[in-house]
Amino acid sequence: MAIIDGFATLFSSGQAVFFALLGTLLGLFAGALPGLSASAVIALLMPITFYMDPLSALVFIYTISKSACFGGSIPAILFNTPGTPQASATQLEGYPLTQQGKQGKALRMAVIASATGDTFSELLLIFGAAFLAIYAARMGPPEYTAVYFCAFIILSSVIGTSIVRGLLSTLLGILLALIGFDPITGEPRYNFGSDYLFDGIPLVPLLLGVFVMSEVFVQVTERLSLGGGAAIAPASKRPEDNYVTWREFVQVLPTMVRSTGYGTVIGMLPGIGASVACFVAYAEARRTSKTPELFGKGALEGVAAAESANNATSGANLIPLLTLGIPGSTAAALLAGVMLIHGITIGPTVFVTSYDLIYGLFAAGLMCIATYFVVGYWGSGVLGRMITLIPAQMIYPFVFITCFVATYALRQAVFDIVLMMAFGVLGYVMKRLQMSPPAFVIAFILGSGAERSMRQAMMLDDDGWMIFFQRPIALAFFAIGIGAIVLRLRQTRRARMTARQAATVSAGDE
Amino acid sequence: MDRADRGNAVVGVLMLLVVAIFGPATGSIYVDPYDPGFGARDFPVGVLVLMAVLAIALLARSLAGMLRAGEAFGGFGEVTDFVRYVVPMIAIGFVYVWLIGLFQYALPTALAAAASLAVFGNRGFARLVVAPIIATLVYYVLFFGVLGLHEQPGSILAFDSQAFFQPLRIFLGLL
């Protein structure tokens with residue numbers, strides 16, 4: 001079996017095992033630290049991966065993103081502050097449990113649910129992605145154009161609060177991806193007379209600027225409202241309040257299974273990440289619960305639903321990346337960046353050209369789940385206490401300096417540092433204006449591929465656009481994209497009408 | 001004018017500015033006269049047109065909102081925050097880069113770390129002197145020692161960090 005080969009590849013490299021363990025622990029810590037997202041930590045550490053062998057580099061980045069997803073639940077449960085956006089739903093039930101002295105139970109439920117969701121998603125990735133890749137390999141430029149269109153539409157319409165701002169974020173990402181060489185003619189364009197822009201905008205300064213430097217700017221303006229000094233409520237002395245009983249586990253199991261399903265399906269769609277999955281699963285768990293009155297007051301089912309769903313996206317996110325070459329999330333986009341830097345061709349052929357590497361990565365994913373389960377089950381409380389000892393105003397200045405060192409490490413060019421600063425300001429402005437930095441970054445990564453596919457598709461047929469109508473798979477992807485935006489528009493209109501009705505009613509009352 | 005309208009107006013103006021910068025440059029993209037199908041300018045033009053249409057729509061909607069509300073501009077809260085906190089960090093960044101050109105990496109890193117710690121509200125000898133020195137040592141050993149990064153000589157202070165770290169790299173088996 002391929003996964004056995006993967007374990008053999010992983011364990012034949014001591015360095016890869018070391019970085020898998022280090023990545024898991026770093027991810028747990030990064031996820032647990034409020035304000036510092038997993039994407040920021042990955043972007044910060046990306047330049048170090050240039051000096052690693054490809055397997056260690058991929059394993060390092062992948063394990064950070066996986067364990068950070070669970071790590072985010074620790075402060076959400078203990079301090080009512082989610083470490084990552086995807087833990088926002090966990091805090092709704094986790095923190096009330098902490099207030100009742102049941103933080104041990106909540107944390108253990110979170111780690112059990114996270115590991116369950118993550119394992120299922122990882123197994124689907126291991127056994128399903130290669131099959132999908134066989135079909136994906138038969139796709140040509142028209143189908144790829146449709147897939148890119150679908151990804152851009154979902155990215156724009158689902159992430160964030162406004163469809164138009166989402167679309168503009170995506171278009172800006174595509175536009176900046178056009179700087180450099182024309183993919184068909186090879187002629188330079190949009191370099192504005194600068195030799196530095198001849199090859200296009202380098203990925204690392206953009207990632208560091210948009211994800212990390214912008215976060216430093218946000219933190220400095222918000223004067224570090226999050227962070228150190230928080231105290232954990234005293235734990236209950238009753239032993240059954242500190243672990244999950246077998247009866248409780250059996251009760252939440254159906255919710256966990258359903259939520260894992262939601263997370264996996266949502267994770268497979270490009271652009272929709274764990275933050276959406278956790279709220280969908282949480283809302284469904286509340287709707288189908290036999291005890292809905294407990295929700296909001298510390299329902300264990302709520303913690304299980306949110307955590308199994310958000311972790312179930314982490315393996316599934318890689319399916320569009322490895323089968324179509326399209327990253328489904330920010331973490332997958334960063335992984336795509338590492339793959340490109342190490343010369344690994346992303347797409348369906350990766351299962352043939354980089355067989356050892358891909359299955360080694362999957363094996364590391366399973367090892368990461370086992371590691372964070374063990375550390376999380378017995379050590380979450382300790383990690384929570386460690387976070388309270390770190391003053392946030394000490395962390396961000398060093399993150400700021402690390403951005404410079406990490407950018408300089410890329411190719412020792414001062415221009416890259418200036419570029420990183422510029423993207424830091426852009427990321428900050430985008431966050432302040434509620435645009436979508438993840439949509440911008442993913443669109444930047446996909447932009448040139450989308451243009452190449454579209455132009456190649458148009459060369460295939462004398463009838464130009466008609467080529468897309470002759471390909472059923474392409475039509476299906478176009479339909480999914482249009483359907484996604486229509487659904488979102490209807491949802492937005494309905495929300496606006498409800499708000500207007502509520503305003504009319506309250507005005508009538510006055 | 002509520003917060004959302006103001007945000008939409010700013011996004012609209014910024015995006016139109018981007019279109020104004022990239023638009024003229026699109027005209028100079030080389031087009032192969034024998035290029036079949038979609039030309040080299042068509043995709044960028046499509047992106048720019050879509051951006052302009054959405055930006056104008058956003059701007060129009062926000063201006064309509066402003067007229068409906070009949071209120072004055074809501075103030076410069078975010079801009080004040082930006083000038084007060086973000087601009088000093090950007091200034092530290094640029095001074096840091098300038099100092100690297102003069103003194104190489106170590107000294108500017110310690111100074112920039114101390115300055116950014118101060119902007120974040122840290123005070124005292126331990127946080128403003130000891131912590132930056134320790135952090136600089138860690139960065140320096142990791143990036144220039146272990147990873148073997150090349151450093152350009154500074155115009156005032158110049159030394160060969162690769163030669164300096166050679167014994168360490170030999171000890172670690174990296175050379």
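All values derive from a computational prediction rather than experimental measurement.

Enquirer: Give a description of the interface of chain B and chain A that names residues and reports values.
Expert: Counting residues at the interface gives 50 residues for chain B and 48 residues for chain A. Elements that contribute at least two residues to the side of chain B that touches chain A include exactly helix 1 (3-26), helix 2 (42-69), helix 3 (77-103), helix 4 (106-119) and helix 5 (125-146) of chain B. Considered class by class, the residues forming the side of chain B that touches chain A number 37 nonpolar, nine polar and four charged.

Enquirer: An account of the packing of helix 4 (residues 54-71) of chain A against helix 13 (residues 300-316) of chain A is requested, with residue identities and associated values reported.
Expert: Residue and element names in this part refer to chain A. Taken N-terminus to C-terminus, the directions of helix 4 and helix 13 make an angle of 175 degrees; their axes are 9 Å apart at the nearest point. Comparing the axis directions of helix 4 and helix 13 gives the class roughly antiparallel. Two secondary-structure elements touch here, helix 4 through S65, K66, C69 and F70 and helix 13 through N310, N311 and S314. Along the lines of polarity and charge, the residues of the contact of helix 4 with helix 13 split into two nonpolar, four polar and one charged.

Enquirer: Describe the environment of I48 of chain A, naming the residues involved and giving the relevant values.
Expert: By the secondary structure assignment, I48 of chain A is in helix 3 (residues 38-49). Through-space distance from the C-alpha of I48 of chain A to that of A406 of chain A is 7.5 Å; in sequence the pair is 358 residues apart.

Enquirer: Now, about the environment of A305 of chain A: what can you tell me, with residues and values included?
Expert: All names here are of chain A. Structurally, A305 is set in helix 13. When the C-alpha atoms of A305 and T119 are compared, they prove to be 15 Å apart, with 186 residues separating the residues in sequence. In this structure, A305 is in contact with T255, S259, A281, Y282 and A285, ignoring residues within four places of it in sequence.

Enquirer: Would you mind going over helix 4 of chain B in detail, with residue names and values included?
Expert: Residues and elements named next belong to chain B. Relative to the 20 Å expected for 14 residues at 1.5 Å per residue, helix 4 spans 20 Å between its end C-alpha atoms, a close match to the ideal helical length. Counting buried positions over the 14 residues of helix 4 gives ten, a clear majority of the element. By the burial criterion, the buried members of helix 4 are A106, P108, T109, A110, A112, A113, A114, A115, S116 and L117. A positive phi of about 90 degrees marks G121, the residue just after helix 4.

Enquirer: Please give an account of the nonpolar core that cites residues and values.
Expert: Residue and element names in this part refer to chain A. Ranked by size, the top nonpolar core spans 215 residues in total, and within it L58, L168, L207, L208 and L335 carry the most contacts. In terms of residue count, helix 17 (residues 355-389) provides more of this core than any other element does, 15 residues in total. Once residues within four sequence positions are removed from consideration, L335 is found in contact with L58, I61, Y62 and L321.

Enquirer: Lay out unusual backbone geometry in plain terms, naming residues and giving numbers.
Expert: If a residue is not glycine, its phi is most likely negative; likewise, a peptide bond is most likely trans. Backbone geometry places F192 of chain A, a non-glycine residue, at a positive phi of 50 degrees. Among the structural elements, F192 of chain A can be located in the loop between strand 2 (188-189) and helix 10 (203-221). Residue F192 of chain A is classed as exposed on the basis of its 9 C-beta neighbours within 10 Å. If you check the backbone angles, Q104 of chain B has positive phi at about 65 degrees while not being a glycine. Mapped onto the secondary structure, Q104 of chain B falls in the loop between helix 3 and helix 4.

Enquirer: Can you explain the packing of helix 3 of chain A against helix 4 of chain A? Please cite residues and give values.
Expert: All names here are of chain A. Closest axis-to-axis distance for the helix 3/helix 4 pair is 10 Å, and the angle between their directions is 170 degrees. Of the possible angle classes, the one that applies to helix 3 and helix 4 is roughly antiparallel. Note on packing geometry: the crossing formed by helix 3 with helix 4 is right-handed. Where helix 3 abuts helix 4, its residues A38, V41, I42 and T49 lie against A57, F60, I61, I64, S65 and A68. For the contact of helix 3 with helix 4, the per-class residue count stands at eight nonpolar, two polar and no charged.

Procedures and definitions
Residues numbered from 1 in each chain as written. Chains lettered and ligands numbered in written order. Predicted model: local features only at pLDDT ≥ 70, side-chain atom pairs only at ≥ 80, totals over all residues. Contact = placed C-beta atoms within 7 Å. Helix = DSSP H or I, 4+ residues; strand = E, 2+ residues; numbered from the N terminus. Nonpolar A, V, L, I, M, F, W, Y, C, P; charged D, E, K, R; others polar. Axes fitted to C-alpha atoms, helices over the stretch in contact; angles between N-to-C directions. Parallel < 35°, antiparallel > 145°, perpendicular 65-115°, else oblique. Expected span 1.5 Å × (residues − 1). Buried ≥ 20, exposed ≤ 12 C-beta atoms within 10 Å, placed from the backbone. Core = buried A, V, L, I, M, F, W, Y, C linked by C-beta atoms within 7 Å. Left-handed = near helix turned anticlockwise from the far one by under 90°.

So yeah, pure geometry; function would need other evidence.
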